[in-house]
Amino acid sequence: MDRRWLLWVPLVVFAFIAGWFIYGLAVPQDKLIRSAMVGQKLPGFALPPATTGAVGFAASELADGKPRLLNIFASWCIPCRAEAPQLEMLKAAGVEIDGVAVRDRPEDVAAFLTEYGNPYRRIGADQTMRVQLMLGSSGVPETYVIGGDGTILYQHIGDIRDEHVPVLLQKLQEAG
Amino acid sequence: MIAEAGLAALWLAAAMALLQMVGGFAQLGARGTELGAVVKPAAIVQGVLCLFAFGALMRLFWITDLSVLLVANNSHIDKPAIFKLAATWGNHEGSMLLWVTVLALSGAAIALFEKRLDAKTLLTTLAVQGFLALGFFAFLLFSSNPFERLMPSPPSGAGLNPLLQDLGLAFHPPTLYFGYVGLSVAFSFAVGALLTGKVGPVFARAMRPWVLAAWIFLTLGITAGSYWAYYELGWGGWWFWDPVENASLMPWLAATALLHSVSVLATRNALRAWTIMLALVAFAMSMAGTFLVRSGILTSVHAFAVDPERGAFILALLMLYVGGAFALFALRIGSVKQGEPFAIVSREGAIVANNILLSVILGVVLVGTLFPLFAEAMGNKISVGAPYFNKATTPIALLIMLALLIGPMLRWRRDDEARVRKIVVVPLFAAIVTLVILVIVAPEAGVSPILGLGFAAALAIAAWLPLFGRKLRLTPLPIFGMVIAHFGLAVSVAGMAAESGFSSETLAAMTPGESRTVAGWTVKLRDVRPVAGDNWVAVEGDMLASRDGESVEIKPQSRQFFTPEQQTSEAALLTRWDGQLYAVIAQPNVANDTRWQVRLWWKPFVSFIWVGGCLVALGGLIALLGRMFRRAKKPAQNKWAS
């Protein structure tokens with residue numbers, strides 16, 4: 001058997017790798033890390049209240065038949081301040097928003113709510129970022145649309161700007 | 001003025017490279033022999049011009065000429081003098097200039113010193129070298145000009161990445177560069193020999209010292225880089241399987257395989273096509289590594305000067321050179337005659353086994369390094385971490401060590417299996433004793449560390465066996481080199497196994513006055529105080545480490561640099577014969593906390609890793625000296641002498 005063709009294998013392998021390199025250069029990387037949890041049920045968790053006067057919650061309480069937003073924020077996070085007015089707009093539109101305060105202190109959360117307003121129905125404290133990781137979130141702020149049955153339907157990465165409000169409202173409407 | 005002179009020298013050097021290439025390829029034709037005469041002088045002049053250009057850039061950094069863009073971006077008037085010089089190559093443009101300079105100097109060295117190779121192959125090799133250089137000159141002059149001026153010039157400069165502001169930087173990258181670019185010489189030799197069809201022992205003997213030299217630099221560069229990451233990054237690890245680390249490991253693996261197969265070609269006239277292939281792959285890996293580092297298509301802590309446009313340029317060069325060489329290989333290697341046959345149980349057989357195993361590790365590392373890129377194209381974001389690499393490479397590395405127990409003692413061409421069985425008794429006994437002791441004493445260390453230590457013990461003995469029964473004064477230096485390099489590998493593997501299996505760690509929040517213990521050491525945090533350097537301030541932990549009545553002060557720091565602003569951690573290392581105490585201090589987690597975060601490690605025999613690495617390089621150096629020394633005498637005559 002003529003095995004000459006074997007001599008071309010290195011070139012073919014190289015061409016294959018070079019092709020991937022070209023692809024890697026040509027297609028800019030997606031710097032956002034999408035959660036793998038979208039489309040799945042909420043993982044089980046229970047969060048204590050993030051500050052005095054707030055109410056903590058468990059994952060099961062989010063599946064009460066009504067679609068809602070789950071907002072991951074922190075008092076030390078600057079974009080979270082920027083999205084506060086948009087959260088207020090959503091609340092005014094009748095949306096129920098639950099908050100998860102990541103790596104925060106009760107007094108700081110209280111000061112944050114006093115200064116930027118409190119759009120939240122309940123606020124849980126996630127001291128160790130465990131719940132944040134369980135949701136597949138890689139940063140703050142992030143906002144999730146949770147279906148009435150407790151399914152994660154949509155993930156919004158970064159602060160909510162004016163143009164995102166209708167998108168979130170529509171997603172909530174689609175959820176029923 | 002200096003900058004303009006440097007730039008002019010670069011353009012002239014590029015012209016020389018062109019001359020070298022045209023002359024060298026022309027003499028391959030029937031009537032072009034006159035042009036062949038310009039090749040060697042052109043190579044030498046090119047080397048001198050590049051050296052001048054690099055000297056000019058160093059001078060600009062030395063006097064901190066801020067009207068030069070590169071200096072303004074990467075240096076600062078307050079920077080310590082040694083780091084001003086090191087900043088010359090601590091950036092994209094400067095490091096590419098260093099790359100080209102080394103390339104040109106290697107060309108000049110071939111022109112001046114290579115006497116064994118036939119004239120035609122030598123001139124063709126130089127032509128290929130000129131062709132390579134030309135591409136990099138184009139890259140330098142068109143997209144990474146190091147001498148670009150900045151108008152108006154800034155008052156102070158932007159500074160150098162503080163992580164790089166370390167003596168390690170002064171030596172680690174240039175050493176690696178000598179290695180990477182040195183492999184270009186092997187590449188040029190291989191392509192030259194493919195073009196003239198003269199692949200044989202003479203060619204192998206001519207190429208061997210170059211491969212050896214490049215390999216020594218790579219070994220040292222990787223060893224130094226590993227130690228630098230170990231003490232500067234403050235994570236306590238010595239290898240992170242970062243894409244850039246892998247980019248240096250892959251050419252080393254290919255070069256190691258090449259080093260062994262080239263010996264077979266030189267002594268036994270076998271493995272012709274394989275040796276040529278390895279020479280091409282080794283340099284391909286160097287270039288691919290450069291591409292990965294510079295293009296930013298993989299995320300890495302090392303990636304500096306990330307720029308897709310430059311990435312595209314390097315990729316174009318990579319495809320031109322490596323693609324061209326592989327195509328040439330496929331077309332021409334058929335004309336190279338089949339080498340001499342050999343039995344499986346023979347030195348050649350053992351070296352083939354070593355080559356296959358090294359190639360498998362190379363493949364494993366390559367796949368792991370590129371996998372995130374493939375996955376991304378498929379729409380997944382996946383990173384391949386240390387667990388994959390450790391799991392996949394450890395068994396193969398252990399197999400290589402097994403082959404090493406026997407291989408160097410085997411005779412060329414064919415050996416007697418009964419004789420082999422007799423030789424391996426002692427090292428196998430050592431391995432079994434070590435394994436049994438470890439399994440009884442420390443079964444919790446894990447399978448790989450225990451096997452690693454057992455095999456290392458065996459290899460530490462087996463490495464010396466090739467000297468057994470020889471008259472030491474008559475033994476050629478390369479044999480000593482081989483013995484020391486293999487012993488060094490055993491030492492290094494022992495260090496890796498001990499570190500991964502037997503390290504202890506303590507993480508604590510401490511207030512001054514408190515003590516913590518780790519593996520027999522008691523460390524007391526006596527005080528924390530501020531200290532200041534040329535362009536940084538730091539908090540320094542004043543600690544007292546004691547064990548068995550011995551007490552030593554150690555002072556880890558957490559440094560804050562100003563230009564650019566960045567925090568680095570300076571670990572305090574206390575080296576003892578049986579390991580290292582590694583201490584890191586960090587700022588309190590939250591404000592108003594009076595406790596300092598302190599991390600203590602005891603890493604048994606960890607320094608063996610780098611001592612072993614240095615021994616491997618030393619072995620290479622001894623072998624190289626042996627080859628160069630023998631060059632003065634008459635080369636050994638055998639039936640393949642011509």
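Residues numbered from 1 in each chain as written. Chains lettered and ligands numbered in written order. Predicted model: local features only at pLDDT ≥ 70, side-chain atom pairs only at ≥ 80, totals over all residues.

1. Details of the overall build of chain B
Inference 1: Scanning chain B from N- to C-terminus turns up 19 helices and ten strands.
Inference 2: On C-alpha atoms alone, chain B measures out to a radius of gyration of 26 Å, which is about the 26 Å that the 2.2 N^0.38 rule sets for 642 residues.
Inference 3: The burial tally for chain B puts 51% of its 642 residues in the buried class.
Inference 4: A fraction of 75% describes how many contacts in chain B between residues 6 or more apart in sequence connect residues 24 or more apart. (Helix = DSSP H or I, 4+ residues; strand = E, 2+ residues; numbered from the N terminus. Rg over C-alpha atoms; globule rule 2.2 N^0.38 Å. Buried ≥ 20, exposed ≤ 12 C-beta atoms within 10 Å, placed from the backbone. Contact = placed C-beta atoms within 7 Å.)

2. Re the overall build of chain A
Inference 1: A count of helices and strands for chain A gives seven helices and seven strands.
Inference 2: Each helix (α) and strand (β) of chain A, taken in turn from the N terminus, gives the series α-β-β-α-β-α-α-β-α-β-α-β-β-α.
Inference 3: In terms of C-alpha radius of gyration, chain A reaches 22 Å, well past the compact-globule figure of 16 Å for 176 residues.
Inference 4: Across its three principal directions, the C-alpha atoms of chain A cover 80 × 35 × 30 Å.
Inference 5: Expressed as a percentage of the 176 residues in chain A, the buried residues total 35%.
Inference 6: A separation of at least 24 residues holds for 75% of the contacts in chain A among residues at least 6 apart in sequence.

3. What about the sheet that holds strand S10 (residues 596–604) of chain B?
All names here are of chain B.
Inference 1: In space, the four strands of this open sheet follow the order S1-S10-S9-S8, with antiparallel pairing throughout. Single-partner strands in this sheet number two, and they are strand S1 (504–510) and strand S8 (572–576). Adjacent strand axes in the sheet meet at a mean angle of 15 degrees, parallel and antiparallel pairs treated alike.
Inference 2: Relative to S10, S1 is paired through seven bridges, and the arrangement is antiparallel. By the bridge assignment, serine 504 is partnered in S10 with tryptophan 602. (Pairing = 2+ DSSP bridges. Axes fitted to C-alpha atoms, helices over the stretch in contact; angles between N-to-C directions.)

4. As for the packing of helix H3 (residues 39–62) of chain B against helix H7 (residues 119–143) of chain B
Residue and element names in this part refer to chain B.
Inference 1: Across the interface, H3 lies against H7 with an axial gap of 10 Å and an inter-helix angle of 40 degrees. What the angle tells us is that H3 and H7 run oblique. Crossing of H3 over H7 shows left-handed handedness. Packed against H3, whose contacting residues are Val39, Ala43 and Gln46, the element H7 presents Leu123, Leu126, Ala127 and Ala133 at the interface.
Inference 2: Class assignment of the residues belonging to the contact of H3 with H7 gives a composition of six nonpolar, one polar and no charged. (Parallel < 35°, antiparallel > 145°, perpendicular 65-115°, else oblique. Left-handed = near helix turned anticlockwise from the far one by under 90°. Nonpolar A, V, L, I, M, F, W, Y, C, P; charged D, E, K, R; others polar.)

5. Quick word on the nonpolar core
Residue and element names in this part refer to chain B.
Inference 1: The biggest cluster of nonpolar side chains holds 190 residues, and the ones touching the most others in it are Ala186, Leu280 and Leu459.
Inference 2: In terms of residue count, helix H9 (residues 201–232) provides more of this core than any other element does, 20 residues in total.
Inference 3: Sequence-distant contacts of leucine 459, defined by excluding residues within four places in its chain, comprise Met401, Leu404, Leu405, His486, Leu489 and Ala490. (Core = buried A, V, L, I, M, F, W, Y, C linked by C-beta atoms within 7 Å.)

6. Quick look at the interface of chain B and chain A
Inference 1: Taken residue by residue, the interface counts 23 residues in chain B and 17 residues in chain A.
Inference 2: When residues of the side of chain B that touches chain A are traced back to their parent elements, those giving at least two are helix H11 (272–295), helix H12 (308–332) and helix H13 (347–377) of chain B.
Inference 3: A per-class count over the side of chain B that touches chain A returns 17 nonpolar, four polar and two charged.

7. Digging into the sheet that holds strand S3 (residues 68–73) of chain A
Residues and elements named next belong to chain A.
Inference 1: The five strands are arranged S5-S4-S3-S6-S7 in an open sheet whose pairing can be described as mixed. At either end of the open sheet lies a strand with only one pairing partner, and these are strand S5 (122–126) and strand S7 (152–157). Going from strand to strand, the sheet's axes swing by 20 degrees on average, the running direction of each strand aside.
Inference 2: As paired strands, S3 and strand S4 (residues 97–102) are joined by five bridges and run parallel to one another.

8. Let's talk about the pairing of strand S9 (residues 579–586) of chain B
Residue and element names in this part refer to chain B.
Inference 1: The buried count for S9 comes to seven of eight residues, which makes it a mostly enclosed element.
Inference 2: Bridge count for S8 against S9 is five bridges, and the pairing is antiparallel. Its bridge partner lying in S9, threonine 575 is registered against glutamine 580.
Inference 3: The hairpin formed by S8 and S9 contains two residues between the paired strands.

9. Here's the deal with the pairing of strand S6 (residues 557–561) of chain B
Residues and elements named next belong to chain B.
Inference 1: A large share of S6 lies buried, amounting to four of its five residues.
Inference 2: Where strand S4 (residues 536–547) lies against S6, five bridges are found, and the strand directions are antiparallel. Bridging across to S6, tryptophan 536 finds its partner in phenylalanine 561.
Inference 3: Pairing between S6 and strand S7 (residues 566–570): five bridges, direction antiparallel. Each bridged residue has a counterpart across the sheet, and for glutamine 560 the counterpart in S7 is glutamine 567.

10. Some points on the confidence of the model for chain B
Residue and element names in this part refer to chain B.
Inference 1: When pLDDT is averaged along chain B, the result is 85; 90% of the residues meet or exceed 70.
Inference 2: The spread of mean pLDDT over the elements of chain B runs between helix H2 (residues 33–36), the lowest at 75, and H3, the highest at 94.
Inference 3: Under the prediction, the complex receives an ipTM of 0.79, its pTM being 0.82. (pLDDT = per-residue confidence, 0-100.)

11. Looking at the environment of serine 492 of chain B
Residue and element names in this part refer to chain B.
Inference 1: With respect to the helices and strands, the residue serine 492 is situated in helix H18 (residues 477–502).
Inference 2: The exposure class of serine 492 is buried, given the 21 C-beta atoms found within 10 Å.
Inference 3: As for serine 492 and phenylalanine 608, which are separated by 116 residues in sequence, their C-alpha atoms are 5.3 Å apart.
Inference 4: Contact partners of serine 492, with chain neighbours within four places excluded, come to Phe608, Ile609, Gly612, Gly613 and Val616.

12. Description of the environment of valine 68 of chain B
All names here are of chain B.
Inference 1: In this fold, valine 68 is placed in the loop between H3 and helix H4 (69–74).
Inference 2: C-alpha separation for the pair valine 68 and glutamine 560, spaced 492 residues apart in sequence, amounts to 27 Å.
Inference 3: If we ignore the near neighbours within four places in the chain, the residues touching valine 68 are Ala3, Leu60, Phe147, Arg149 and Leu150.

13. Re the confidence of the model for chain A
Inference 1: Averaged over every residue, the pLDDT of chain A is 86; residues scoring 70 or more account for 95%.
Inference 2: At the level of individual helices and strands, chain A shows its lowest average pLDDT in helix H1 (residues 9–26) of chain A, which scores 85, and its highest in S3 of chain A, which scores 93.

14. Focus on the packing of helix H6 (residues 92–113) of chain B against H7 of chain B
Residue and element names in this part refer to chain B.
Inference 1: In contact at an axis separation of 10 Å, H6 and H7 are set at 160 degrees when each is read in the N-to-C sense. As judged from the angle between their axes, H6 and H7 are roughly antiparallel. Along this stretch, H6 crosses H7, giving a crossing that reads as left-handed. Along its contact with H6, which presents Met96, Leu97, Trp99, Val100, Leu103, Ala104, Gly107, Ile110 and Ala111, the element H7 presents Thr125, Leu126, Gln129, Gly130, Leu132, Ala133, Phe136, Phe137, Phe139 and Leu140.

15. Description of unusual backbone geometry
Inference 1: The omega angle of the peptide bond from valine 140 of chain A to proline 141 of chain A is -10 degrees, so this bond is cis rather than trans.
Inference 2: By the secondary structure assignment, proline 141 of chain A is in the loop between helix H6 (130–134) and strand S6 (142–146).
Inference 3: Within the chain, tryptophan 241 of chain B stands out as a residue other than glycine whose phi angle is a positive 55 degrees.
Inference 4: Mapped onto the fold, tryptophan 241 of chain B is located in the loop between H9 and helix H10 (243–268).

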